[in-house]
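Residue-level structure breakdown
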Amino acid sequence: MSLSLFALQLINGVEYGLLLFLVASGLTLVFGVLGVLNFAHGSFYMLGAYLAWWISARTGNLWLAILIGLPAMVLIGLLLERLAIARLYGRDHLSQVLLTYGLVLLFNELQRAVFGNDVHGVPTPKSLSFTIHLGEAQTWPAWRAFTALSCIALAAGMRQLILKTRFGMRVRAGASNAEMVEALGIDVRRLFSVVFSAGTALAGLAGMLAAPLTTVYPGMGESILILSFVVVVIGGIGSIKGAFLGALLVGIADTFGKVLLPGFASAIVYAVMAAVLLWRPRGLLGPAFEGR
Amino acid sequence: MIGRRALLLSGALALGAVAFTGDRFWLQFLGKAMIGCILAMSLDLLVGFTGLVSLAHSAFFGLAAYALAGLTNQLGLVTPLLTLPLCLLAAAAAALIIGWLSLRATGVYFIMVTLAFTQMLFYLFNDSPALGGSDGLYVSQRPVDSRLAAYLVIWVALIAVYVLLSRIFRAPYGRALEGIRANEQRMRSLGYPTRRYKLVAFVIAGALAGLAGYLDATLYGFVNPAQLGWKQSGLILVTVLLGGKGTLYGPALGALLLAFIEHYGERVTEHWNALVAVLVIAVVLVLPRGLSGLLQGSARG
């Protein structure tokens, strides 16, 4: 592998990891703060991608699709939290797995009924359909660069929000002890619904950004869900920083696996997870002792 | 309790009696449903009794089915005397490795890790052409050839698994598992090697899931990667909850019910999965103890 190809693969891996982080951060936050294991999280990614395709196919404008799709995702998150997820607070893991598994089935049928089972390509916006030259032979599509930069900006924004604001302080407090936060007079229910819908919107946005890169297809939510679980297990549940580390690790491992060991590419990610698990059963940055 | 026993016995006899009708459709349909019962009951050992929510059950099911396809297609081994123990051994060995790794984690980590390993195996079979790829593999020669014989074998297996599991539940080992579910730390401080106990349960359940996979490949002569994917594991969990976890006969009941819903739902609407979805959500919200909770009345618990 030449140096420039290596650099390009590294960039691709990091970019894929950043996209994964958008999905996994919501998953880990929802578990950390709400205490709910949400299998339907991947469905939000799928929904975002399908919305991007559906709206942009009608308006011819992906920016507009994102502009309409993002508030739609927030709304879906708010509704879902109120109607279904709120009933899972304090319930055992089995109930959470099953109810959200039911939601996965429901979203899949919805996708089949509304959008159909075809694979759809989504064209990149004209303003970003050029490529960036890296060295002699390698090129990097501008949309990939845009995706990576947006993810970095979002991750940085999230970090500021969580570490530097009053809201972020509540989120952190909620993640370590929700009961105590409630006892201090903070409206936990509202905090929960904000966190959940933010997670939904982030996963949806990841789907919208990925739509031009991966095409839009049935089952796309599930593959990202499983990878997000791997990311969260590697990083430690509830830890945003861990999710960031884990996502980059998984993104890079997956990308290089596809180049170096085609055929076993998808297994490499799990091998990394198994290794981390042997070394630190609660993830790289997970809580030192058993929480929930 | 006597009522329940009589009900179970007559149910088992009725399933056996279907064999005499020789009806192709019912043999195939109920054969499949009984395989579902075996899967659900064996998962109940983990979910209902030990308190382990595993999403790896479909993996062991699929591995044994693939093992059968490999043995018959590559090595020409057909006789159940050899293939059955070898396939069960394959499933048990996989359960030992996956269980040993997964049980290092607890609670929600355990769920995610079993899920991840299941998907790893799914991709392994789905992505490699040598293992049949996404099309799956045919079993060139089935260990039990006639449909009627296969049905009877499945029926016997179902009864055997029920007897085995209910024995385990009543044995001191089963009581210890229940203790682990209730309070693992206390069991550990009482001197029980809880992780080894859980691992043994995981391997037994995995081997029984393998038995179900072996029977499935025998009945259909075919195996595909979707059968070992995580959605299949989710469906087995659904049957356990639908029937009522921790009761053994409940999950079997759930599997039978789900088979009927699947079959008749498919006739009514192509979106029958939405039906299952609504049912699952309703059961979690309204009927957390499942159908058997309904049978026992709401007075207890």
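Read on for a plain summary of the structure. Throughout this description, residue numbers start from 1 for each chain and increase along the sequence as written. Whichever chain is written first becomes A and whichever ligand is written first becomes 1, with later ones labelled in order. Residue-level local features of this predicted model are given only where pLDDT is at least 70; pairs of side-chain atoms are given and counted only at 80 or more, and the full residue set underlies all totals for whole chains, interfaces and linings.

Assigned secondary structure in chain A consists of 11 helices and two strands. The numbering of helices and of strands both runs from the N terminus, where a helix is a DSSP run of H or I of at least 4 residues and a strand a run of E of at least 2. Ordered by position from the N terminus, the helices and strands of chain A form the series α-α-α-α-β-β-α-α-α-α-α-α-α. Here a residue counts as buried when 20 or more other C-beta atoms sit within 10 Å of its C-beta, as exposed when there are 12 or fewer, and as partly exposed otherwise, the C-beta atoms being derived from the backbone. Out of the 292 residues belonging to chain A, those deemed buried represent 51%. Contacts in chain A between residues far apart in sequence, at least 24 positions, make up 75% of those at least 6 positions apart. Contacts here follow a simple rule: the backbone-placed C-beta atoms of the two residues must lie within 7 Å.

Let us look at the nonpolar core. A:Val230, B:Ile38, B:Ala64, B:Ala91 and B:Ala116 are the most contacted members of the largest nonpolar core, which totals 197 residues. Aside from chain neighbours lying at most four places away, what touches B:Ile38 is B:Ala157, B:Leu158, B:Val161, B:Leu208, B:Leu211 and B:Ala212. Note on terminology: a nonpolar core is a set of buried residues of type Ala, Val, Leu, Ile, Met, Phe, Trp, Tyr or Cys, with members joined through C-beta atoms within 7 Å.

Right, let's talk about the interface of chain B and chain A for a bit. Tallying the contact residues gives 36 residues for chain B and 34 residues for chain A. Listing elements by their share of the side of chain B that touches chain A, those giving two or more residues are helix 5 (107-127), helix 10 (230-243) and helix 12 (272-286) of chain B. Among the elements that line the side of chain B that touches chain A, the one with the most residues is helix 5 of chain B, at 14 residues. Looking at the side of chain B that touches chain A, its residues break down into 27 nonpolar, seven polar and two charged. Throughout, the ten residues Ala, Val, Leu, Ile, Met, Phe, Trp, Tyr, Cys and Pro are labelled nonpolar, Asp, Glu, Lys and Arg are labelled charged, and all others, Gly among them, are labelled polar.

All names here are of chain B. Each axis is a line fitted through C-alpha atoms, and for a helix only the stretch in contact is used; angles between axes span 0 to 180 degrees, taken between their N-to-C directions. Closest axis-to-axis distance for the helix 2 (residues 24-50)/helix 9 (residues 194-220) pair is 9 Å, and the angle between their directions is 170 degrees. It follows from the interaxial angle that helix 2 and helix 9 lie roughly antiparallel. Contacts between helix 2 and helix 9 involve Gly31, Lys32, Ile35, Ile38, Leu39, Ser42, Leu43, Leu45, Leu46 and Thr50 on the former and, on the latter, Lys198, Ala201, Phe202, Ile204, Ala205, Leu208, Ala209, Leu211, Ala212, Leu215, Asp216 and Leu219. Residue composition of the contact of helix 2 with helix 9, grouped by class: 16 nonpolar, three polar and three charged. Angles are sorted into four bins: roughly parallel if under 35 degrees, roughly antiparallel if over 145, roughly perpendicular if 65 to 115, and oblique for all others.

An α-helix turns once per 3.6 residues; consequently, residues spaced three or four apart project the same way. Residues and elements named next belong to chain A. By definition here, a helix of n residues has an expected span of 1.5 Å times n minus one. Taking 1.5 Å per residue, 16 residues should reach 22 Å; helix 9 (residues 220-235) reaches 23 Å between its end C-alpha atoms and fits that length. In terms of residue burial, helix 9 counts as a mostly covered element, since 15 of its 16 residues are buried. Glycine 236 sits one or two positions beyond helix 9 and adopts a positive phi of about 105 degrees.

For the rest of this paragraph, the subject is the environment of A:Tyr101. Within the secondary structure layout, A:Tyr101 lies in helix 4 (residues 93-115). In the structure, A:Tyr101 is positioned 150 residues away from A:Gly251 in sequence and 25 Å away in space, judged by C-alpha atoms. Discounting residues that sit within four places of it in the chain, A:Tyr101 has contacts with A:Phe39, B:Gly234 and B:Val280.

Here we come to the environment of A:Leu191. Residues and elements named next belong to chain A. Relative to the helices and strands, leucine 191 is located in helix 8 (residues 188-214). Expressed as a C-alpha distance, the spacing of leucine 191 and glycine 174, which sit 17 residues apart in the sequence, is 8.4 Å. Not counting the four nearest positions on each side in its chain, leucine 191 is found in contact with Arg170, Gly174 and Ile186.

Residues and elements named next belong to chain B. With 27 residues, helix 9 extends 39 Å between its outermost C-alpha atoms, agreeing within 8% with the 39 Å of an ideal straight helix rising 1.5 Å per residue. Extensive coverage of helix 9 is indicated by the burial of 20 of its 27 residues. Positive backbone phi, approximately 65 degrees, marks glycine 221, located one or two places after helix 9.

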